[in-house]
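A look at the structure
One letter stands for each residue in the lines below.
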Amino acid sequence: MMNAIRERKRLQIFGLMFPGAFWLVVFFALPLLVIFVISFMARDELGSPVPPFSLDNYQQAFDSLYLNLFLFSLWISLLTTVVTLLISFPVALYIARSPKRWRNILIFLVMIPFWTNFLVRTYALQFLMRANGPINTLLQGLGVIQEPISMLSTPVAVLIGLVYGELPFMILPLYASLEKFDWAMFEAAQDLGADMRRAFLRVMLPMTMPGVLAGSILVFVPSVGSYITVELMGGGKINMIGRVIASQFGVASNWPFGSAISLLLMVVVTIAALVYFRVGRGERMAL
Amino acid sequence: MDGASTPLHAKPDVEDSALANDFAVELRDVVKLYGEVAAVDHVTMFIRHNEFFSLLGPSGCGKTTSLRMIAGFERPTSGVIAIDNKLMGATPPFRRDVNTVFQSYALFPHMTVEQNVAFGLQMKGINKDETKRRTQEALELVRLPQLAGRYPKQMSGGQQQRVALARALVNRPKVLLLDEPLGALDLKLRKEMQIELKTLQHQVGITFIYVTHDQEEALTMSDRIAIMSRGKALQIGSPLEIYERPNCRFVADFIGETNFLDGKVIEVRGDFATLELPSGQTFVGRVSEGVRAGAHATLSVRPEKMQLLENASSTAANTYQVTVFSIAYVGSDTRVIINLGAQRIDVWEQNSSSTLNPDDYFFKPGENAWLTFKPENALVLAG
Ligand SMILES: Nc1ncnc2c1ncn2[C@@H]1O[C@H](COP(=O)(O)OP(=O)(O)O)[C@@H](O)[C@H]1O
Ligand SMILES: [Mg+2]
């Protein structure tokens, strides 16, 4: 009797887990395994992976050229995360503080860009910032500048593109945390002598840290490996690790090397995320 | 202050204070509007140093709003608030010498009990050693030193309540504001905490402004009570004054039990007024403010202040023959409902003897009896 029940429970759990597990295996674990295997192979004249297996690709990846690209990518992504966070916090706070009936409308507005193709949006941004684009035309028309500013093809342009693209991913988790935030806590802090700044730093920020952490990871991880934004906003002059990977799988036709770099990127990002979580959580406990 | 327009308002009790013009908290003609609604409506109160002062009234009467204005979370629409004789104006909460025990406690979930209690001292820039010592003292005061390392969610409601108290008291504020602090506790714990709070207030010598909608709580704990209704402070006085001399029908009804007999005033003589019911009987009671001969008025007489007799002289004041409608034995007393014509009246007879014979506990339904009470035990209220 007991066994029958237990057996049924087990079947139920299996049934519930199967679709998710299937999805993970087919679309995540298997491709990862393929990439992993390829990363140890060599390539023939046409670029296809062939034996023998070796560590050559990894050795090549530790060349200072690629190391610098890694560091630059991490740096740009860190900046993107910080800037996105600084913009998103007030926005999410404003939405969370709005009357209930407004909140859903405002969140809806934040999500609208999702429905437009990312490529199209990035092209639009690129168009805006071009030498003869609307921004320069306007500034020239107003007499603020004489010559058009060249905004594209700079690290700042890439940064702007990344921030623009990632904003919703930061705003949504922050909003989720801030909406749950009990304002009596903020008042209690003020009541105990904390001014706005300290009430924010000592009470509000630690209490909304889960949202900050989630948003930061959601922004940081895709930024490190970003490709389209770098390509379009950087005008081919700014190189990040995502572009290297794309070119290895594309024009350079070196799948094994591309795979090795991809895996390294994954390891680096995972480590960065773990460190970030650890630091973030530690800070929360110490406060 | 605004007595001209609304005669039922409590007058500021400046005159009967020994230290006139030296108050812990003053509210002068304070109004708070939310849109069209007056959450607080021309309230004037003078709260003395070291007083246990309660705001008592039904839900939505403006108690929390009053407290939030004193704490500095809301600004009055008009009127002024002074704390320790200093006008507050736009002074932000963190610069006011008051601390609040929130209804929900509002303990910081990411801090331990000790960190919660130390928070206020840290904000004041008090050094580490003193912070540690005073935090410890505060936790001992509420008898929780052994739980210093716990997080709020690992504690019971009663314990959280005490942490909230310690967190506020550790700052030694001029005034402690408490918004229904015992509201979330069960009855037994609430009774214990009432006594504990009152003792604590004596011990620390801090002015308490205590919000509650529980009249028994207010009566047992307070030095003085302000009865609030619809944003107005109807009466301010000691528990004795509030219970024995309510100044209007609302207060008489809200505090304790009472019988109301509506009629017309036929005579006012000295401290007493005579009221005639529509059914013809006349009653005499203490006159209160605004009662005039010829006007409508209400006689208020509490159930425990009347007697039922087997025989009485019909010529005595406030003495009429009545019919017993129902009786209920409730241990300490017997609650009798009687009919005087069409009027129903509650009379509580104390069970001062101890017998097992049911007949000893007064009348049976349907029997006749004589109702009587002294004029000084009844009040004639205007309106
Ligand atoms: N922030 C607010 N906005 C609008 N109305 C409010 C607000 N706060 C309180 N009120 C209204 O003011 C009145 C008094 O509320 P409150 O002071 O909370 O009463 P109490 O604490 O006595 O129950 C109520 O009618 C309430 O609906
Ligand atoms: Mg309230």
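Just so it is clear, the model here is predicted, and its values are computed rather than measured.

**Section: the domain arrangement of chain B**
All names here are of chain B. Along its sequence, chain B is carved into domain 1 (2-97 + 173-252) and domain 2 (257-382). For domain 1 versus domain 2, the distance between C-alpha centres works out to 34 Å. Listed as interface residues are 11 residues of domain 1 and, on the opposing side, 12 residues of domain 2. Between domain 1 and domain 2, the buried area comes to about 1000 Å², and carbon and sulfur atoms account for 45% of it. Summed over the three residues of domain 1 that lose the most area to domain 2, namely Y243, R249 and A252, the buried surface amounts to 54% of that side. The tally of links between domain 1 and domain 2 comes to 2 salt bridges. Taking the shortest distance from any N to any O, the salt bridge between D262 and R249 comes out at 3.0 Å.

**What about the site of ligand 1?**
All names here are of chain B. As a matter of local geometry, ligand 1 sits amid Y34, A39, S59, G60, C61, G62, K63, T64 and T65. One of the backbone nitrogen or oxygen atoms of G60 is found 2.6 Å away from an oxygen atom of ligand 1. At a separation of 3.2 Å, an oxygen atom of ligand 1 approaches a polar backbone atom of C61. Across the complex, the protein chains shield 58% of the 560 Å² of accessible surface that ligand 1 would expose by itself. Residue composition of the shell around ligand 1, grouped by class: 3 nonpolar, 5 polar and 1 charged.

**Topic: helix 3 (residues 64-97) of chain A**
All names here are of chain A. Between the first and last C-alpha of helix 3 there are 49 Å, a value that for 34 residues agrees with the 50 Å anticipated at 1.5 Å per step. Maximal helix bending in helix 3 amounts to about 30°, located at S88; proline P90 follows within four positions. Its side-chain oxygen at 2.9 Å from the backbone nitrogen of L65, D63 defines the N-terminal cap of helix 3.

**Section: the packing of helix 2 (residues 113-123) of chain B against helix 4 (residues 157-169) of chain B**
Residues and elements named next belong to chain B. Two numbers describe how helix 2 lies on helix 4: the axes approach to 7 Å, and their chain directions differ by 30°. Put simply, helix 2 runs roughly parallel to helix 4. When the axes of helix 2 and helix 4 are compared, the crossing they make is right-handed. When helix 2 is examined against helix 4, the residues V113, N116 and V117 are found in contact with a partner set consisting of V163, A166 and R167.

**Some thoughts on the interface of chain B and chain A**
Each partner contributes residues to the interface: chain B has 24 residues there, and chain A has 21 residues. Taking both partners together, chain B and chain A bury about 2000 Å²; carbon and sulfur atoms supply 60% of that area. At the boundary of chain B with chain A, the tally comes to 1 salt bridge. The partner of R68(B) in a salt bridge is E187(A), and the shortest N-O contact between them spans 2.8 Å. Our count for the contact surface shared by chain B and chain A stands at 7 residue pairs in polar contact (both at pLDDT 80 or more). Residue assignment for the side of chain B that touches chain A shows that the elements contributing at least two residues are helix 1 (63-71), strand 6 (98-101) and helix 2 of chain B. By residue number, the principal contributor to the side of chain B that touches chain A is helix 2 of chain B, which donates 5 residues.

Each value, and the rule that gives it
- Residues numbered from 1 in each chain as written.
- Chains lettered and ligands numbered in written order.
- Predicted model: local features only at pLDDT ≥ 70, side-chain atom pairs only at ≥ 80, totals over all residues.
- Heavy atoms only, no water.
- Domains from an automatic or database assignment.
- Contact = heavy atoms within 4.5 Å.
- Buried area = accessible area lost by both parts, 1.4 Å probe.
- Salt bridge = Lys/Arg side-chain N within 4 Å of Asp/Glu carboxyl O.
- Near = heavy atom within 4 Å.
- Polar contact = N/O pair within 3.5 Å; in protein donor to acceptor, adjacent residues only side chain to side chain.
- Areas by Shrake-Rupley, 256 points an atom, 1.4 Å probe, with all protein chains shown as cover.
- Nonpolar A, V, L, I, M, F, W, Y, C, P; charged D, E, K, R; others polar.
- Helix = DSSP H or I, 4+ residues; strand = E, 2+ residues; numbered from the N terminus.
- Expected span 1.5 Å × (residues − 1).
- Bend = angle between axes of the 7 residues up to and from the residue.
- Axes fitted to C-alpha atoms, helices over the stretch in contact; angles between N-to-C directions.
- Parallel < 35°, antiparallel > 145°, perpendicular 65-115°, else oblique.
- Left-handed = near helix turned anticlockwise from the far one by under 90°.

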